[in-house]
Amino acid sequence: MDNRAMLTEYVHSIVQTFLQADVKDIVISPGSRSTPLAYAFSLTKEFNTYMQIDERSAGFFALGMAKAKQSPVLLLCTSGTAAANYFPSIVEANYARIPLIVLTADRPHELREVGAPQAIDQVQLYGKHVKWSVDFPLADDHKETIPFIIRHTGRAIAYAKTAPMGPVHMNIPFREPLLLDFDYQIEAPSFQKSLPGTIVASQSHMDFVEQTIAQARRGLLIVGELSADTDKNEFWAFAKSIQWPVLADSLSQLRTGVPQECQHLLMEQYDALLKSEHFKQSIVPDVVIRFGAQPVSKPLSLFLKDVQPEIYIAVDEDPLFRDSLGVVTHHVQSEAQALWKELSNIQENEALPKWTEANTIATKHVERYINEQHDEGALAGLLFKHLPDGSDLISGSSMPIRDVDTFFNQTDKDISIYANRGTNGIDGVVSTALGIQQARKRPATLLIGDISFLHDSNGLLVTRFHETDLTIVVMNNDGGGIFSYLPQSTEETYFEKLFGTPTGLTFDSIATMYEAEYFAVESKEDFTKALSTPKQKDLRIIEVKTNRQQNVLTHRQLWNGITEELDRKWNN
């Protein structure tokens, strides 16, 4: 067997193993050393192949697809710093539990550490930020090589898909020449596929949770980020059976499609409610059960840390359960839905009437605020009301996700909400949104700040190769708006230079570059008109000019108004 035949069999063995495991989405960035794999994937018509020139953006595009599908997506690049540019998305995938499979082409072993061009140390390049890493052998005619790479490809898939899901890294060296035999007769690999199981709590652990629920008098359910394919009906059947207040993070997917008989259980305004000292004192929980990650809300975090519930159960499929507050008393290792199906205990909850009344009061303030104010929060609330049924919302970090948490009230519309909250970074958000829309195949809207948009404007390159249906709403307050809410803002001498970082940029030229539909908005009326105008192109950018200082004042006025009314009511 000559070199070309060996290389062809080698790469097709990898590709066919992915195909047998139903891993069929790959994002490729162009490069020379990755040529054999790029050809092999492209020749295999069952694969959905996506191109993105910028590797950093490619990583987040793949992450968005994998986040939406909750199944592995492949990333392929050449050797050298191309592989290093995947790092931010891999870190996010690790902490957000997203199944990325990263394929980095590498120089052959004799060209490592000898000053060869485009050669860096790629073995275990991503360290502890991947679940598993393997450095493949070169293609040769040894009888054990092909079985080895087939089974290790299968292991990579299994690692990525096994709960908690996450990224894996396959480093694959190639020796020149890099061309394939296009007439190769493809054979199915001997290894078929891995079939990961479901993590379910033992019966004794189920019994413990059920007994705890039965004994609670002021129980509280907290739900963090969940995937869009979560069975919401099963959750609400569980919540209805125990009649506990539900503090649902905006990424929980539980603020949409709430059954009428459960609407009194949903407390979407908990962030504002927990700013009231008197209200907090009246509803101190004796038991807390949390599903998913800790929610975005800082007031909720402070409240839990302050009251230190006697029993705080975190239901998490990972033994390294998430407890940044240090308040969890019991960890139940299980997929959340496994508990929802098994537990029920209808009883009176002493705190529920207070929560329901307070949530109604806060919602009244928020709705009035959306109607009367003109700041970013009110505009975000207006955007959420205009989102079409059967669409998705992607939020940037910093202020956008906090405005989603405050102003996205429960709705009957079919809307799923996404954000990168694994590490809460502002990079790669545009690409993530494009990846989510590509995977979901339905209209999507991205709410993002100006600095974050600039961070990943290269992400728009993917629209030159693939169709999309994305509206980007850029809240342009000329800088980092979140810092204006933090103590740093009191040091006026250095604040603008170090934190505000105004750029003075607008985005009409970017819209022109990518042939996007563009609206420049400076008033609430303009924004309403832009949102109401039927979309004319695949990509639409709505740039909304806002004022950072005014945003801080009006947001605080809203929170103060809610707090004052709650304090008056529960000051007894």
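One numbering rule holds for all chains: residues counted from 1, following each sequence as written. Reporting of local features is limited, given that this is a predicted model, to residues whose pLDDT is at least 70; pairs of side-chain atoms are given and counted only at 80 or more, and all residues count toward the totals for whole chains, interfaces and linings. Computation of side-chain values covers all heavy atoms of the structure but excludes hydrogens and water.

A. Local environment of the overall build of the chain. In DSSP terms, a helix is any run of H or I states spanning at least four residues, a strand is any run of E spanning at least two, and both are numbered starting from the N terminus. Tallying secondary structure elements over the chain gives 21 helices and 17 strands in all. Atoms counted for the radius of gyration: C-alpha only. Globule rule: 2.2 Å times residue count to the power 0.38. Over its C-alpha atoms the chain spans a radius of gyration of 25 Å, differing by no more than 12% from the 25 Å that the globule rule assigns to 572 residues. Taking the principal axes of its C-alpha atoms as reference, the chain extends roughly 85 × 60 × 45 Å. Taken across its 572 residues, the chain has 58% of its residues classed as buried. For the area figures, the Shrake-Rupley method with a 1.4 Å probe applies, and any residue is considered shielded solely by the protein chains shown. When the accessible surface of the chain is summed, it comes to about 23400 Å², and 49% of that surface belongs to carbon and sulfur atoms. Here the chain contributes 52 positively and 73 negatively charged side chains, and the mean placements of these two sets differ by 1 Å. Per-residue accessibility, obtained with a 1.4 Å probe over protein chains only, is compared with the maximum for each type, and a residue is labelled buried under 20%, exposed over 50%, and partly exposed between these values. Lys and Arg are tallied as positive, Asp and Glu as negative. Neither His nor the chain termini are counted. For the purpose of locating charges, the reference atoms are NZ of Lys, CZ of Arg, CG of Asp and CD of Glu.

B. Highlighting helix 11 (residues 298-307). Buried within helix 11 are the following residues: P299, L300, S301, F303, L304 and V307. Between the side-chain oxygen of the N-cap and the backbone nitrogen of L300 there are 3.1 Å, and the N-cap of helix 11 in question is S297. Q308 sits one or two residues past helix 11 and shows a positive phi near 45°. In protein, a polar contact requires one atom able to donate a hydrogen and another able to accept it; more generally it is a pair of N or O atoms within 3.5 Å, and residues adjacent in sequence count only if both atoms are side-chain atoms.

C. Broad picture of the sheet that holds strand 9 (residues 287-291). Pairing between two strands requires that DSSP report at least two bridges joining them. Strand order in the open sheet formed by 5 strands is 8-7-9-10-11, with parallel pairing between adjacent strands. The open sheet is flanked by strand 8 (246-248) and strand 11 (330-333), the only strands paired with a single partner. On average, adjacent strands in this sheet sit at an angle of 20° to one another, irrespective of strand direction. Relative to strand 10 (residues 311-316), helix 7 (residues 203-215) is tilted by about 140°, and along the sheet it contacts strand 9, strand 10 and strand 11. All axes are obtained by fitting lines to C-alpha atoms, using only the stretch in contact for helices, and the reported angles, taken between N-to-C directions, cover 0 to 180 degrees. Contact definition: two residues touch when any of their heavy atoms are within 4.5 Å.

D. Representation of the pairing of strand 5 (residues 132-135) in the model. Burial of the side chains of strand 5 is restricted to one face: W132 and V134 are buried, whereas none of S133 and D135 on the reverse face is. Sheet analysis places strand 5 next to strand 6 (residues 168-173), joined by 4 bridges and oriented parallel. From the neighbouring strand, S133 faces strand 6, where its bridge partner is H169. Note on handedness: a crossover is taken as right-handed if, strands pointing away from the viewer, the path from the first strand over the helix to the second is clockwise. After leaving strand 5, the chain enters helix 6 (residues 145-161) and then returns to the sheet as strand 6, a path that is right-handed.

E. Seen up close, unusual backbone geometry. Note the cis peptide between A163 and P164, where omega equals -5°. Structurally, P164 can be placed in the loop between helix 6 and strand 6. In this structure, E113 is a non-glycine residue whose phi angle is positive, near 60°. Locating E113 in the fold gives a position in the loop between strand 4 (100-106) and strand 5.

F. Region of interest: the sheet that holds strand 5. Within the open sheet, the 6 strands sit side by side as 2-1-3-4-6-5. Their pairing is parallel. The open sheet has two free edges, formed respectively by strand 2 (48-51) and strand 5, since each of these has just one partner strand. Strand-to-strand twist across the sheet, computed as the mean angle between neighbouring axes with direction ignored, equals 20°. Along the sheet face, helix 3 (residues 55-69) touches strand 1 (25-28), strand 2, strand 3 (73-77) and strand 4 and points at about 170° away from the line of strand 3.

G. Broad picture of the packing of aromatic side chains. A pair of aromatic rings is counted whenever rings of Phe, Tyr or Trp (Trp by its six-membered ring) have centres within 6.5 Å, and the orientation is called stacked for planes under 30 degrees apart, edge-to-face for over 60 and tilted otherwise. Overall, the coordinates contain 18 aromatic pairs when judged by the stated rule. Centroid distance Y50 to F61: 5.9 Å. Interplanar angle 65°. Geometry classified as edge-to-face. Taken as a pair, Y50 in strand 2 and F61 in helix 3 lie far apart in primary sequence, 11 residues in all. Residue classification places Y50 among the buried residues on the basis of a relative accessible area of 8%. With a centroid separation of 5.2 Å and an interplanar angle of 90°, the aromatic rings of F279 and W355 are classed as edge-to-face. Highlighted residues: F279 in helix 10 (residues 277-282) and W355 in helix 13 (residues 352-372), separated in sequence by 76 residues. Its relative accessible area of 0% is what places F279 among the buried residues. Three or more aromatic residues joined by ring pairs make a cluster, and in this case those are F235, W236, F238, F291 and W340. Throughout this description, the term charge over a ring refers to an Arg CZ or Lys NZ atom that lies within 6 Å of the ring centre and within 35 degrees of the ring normal. The lysine or arginine in question, K569, covers the ring of W570, its NZ or CZ lying 5.9 Å from the ring centre.

H. Molecular detail of the nonpolar core. Side-chain atoms within 4.5 Å link the members of a nonpolar core, which is a set of buried Ala, Val, Leu, Ile, Met, Phe, Trp, Tyr and Cys residues. Counting residues in hydrophobic clusters, the biggest one holds 91 residues, and the most contacted among them are L221, F235, W236, I289, W355, F384 and F527. One finds V27, I98, A511 and I541 within the second-largest nonpolar core, a separate group that totals 47 residues.

I. Region of the structure containing a nonpolar patch on the surface. Here, patches come from residues exposed beyond 30% relative accessible area and free of salt bridges, joined within 9 Å for like charges and within 5 Å for nonpolar side chains (Val, Leu, Ile, Met, Phe, Trp, Tyr). In what follows, salt bridge is the name for a side-chain nitrogen of Lys or Arg lying within 4 Å of a carboxyl oxygen of Asp or Glu. Taken together, Y39, L43, L179 and F182 make up a surface patch of nonpolar side chains, about 360 Å² in accessible area. Looking at the secondary structure, you find L179 in the loop between strand 6 and helix 7.

J. Examining the environment of G381 more closely. If you trace the backbone, G381 turns up in helix 14 (residues 376-386). Since its relative accessible area comes to 1%, G381 is described here as buried. Separated by 14 residues in sequence, G381 and E367 place their C-alpha atoms 8.4 Å apart. G381 has contacts with I370 and F407, leaving out every residue within four places of it along the chain.

K. Expanded view of helix 13. The span one expects for a helix is its residue count, reduced by one, times 1.5 Å. With 21 residues, helix 13 should reach 30 Å at 1.5 Å per residue; the first-to-last C-alpha distance of 30 Å fits that figure. Here helix 13 has its buried residues at L352, W355, A358, N359, I361, A362, T363, H365, V366, Y369 and I370.

L. Here's a closer look at the packing of helix 14 against helix 20 (residues 524-532). Axis separation between helix 14 and helix 20 bottoms out at 11 Å; the angle between their running directions is 20°. Viewed along their axes, helix 14 and helix 20 adopt a mutual orientation that is roughly parallel. In this structure, helix 14 meets helix 20 at a crossing whose hand is right-handed. Facing A378, L379, L382, L383 and H386 of helix 14, the residues of helix 20 in contact are K524, F527, T528, L531 and S532. We call two directions roughly parallel when the angle between them is under 35 degrees, roughly antiparallel when it is over 145, roughly perpendicular when it lies between 65 and 115, and oblique otherwise. Whether a crossing is left-handed or right-handed is set by the direction in which the near helix is turned from the far one by less than a right angle, anticlockwise for left-handed and clockwise for right-handed.

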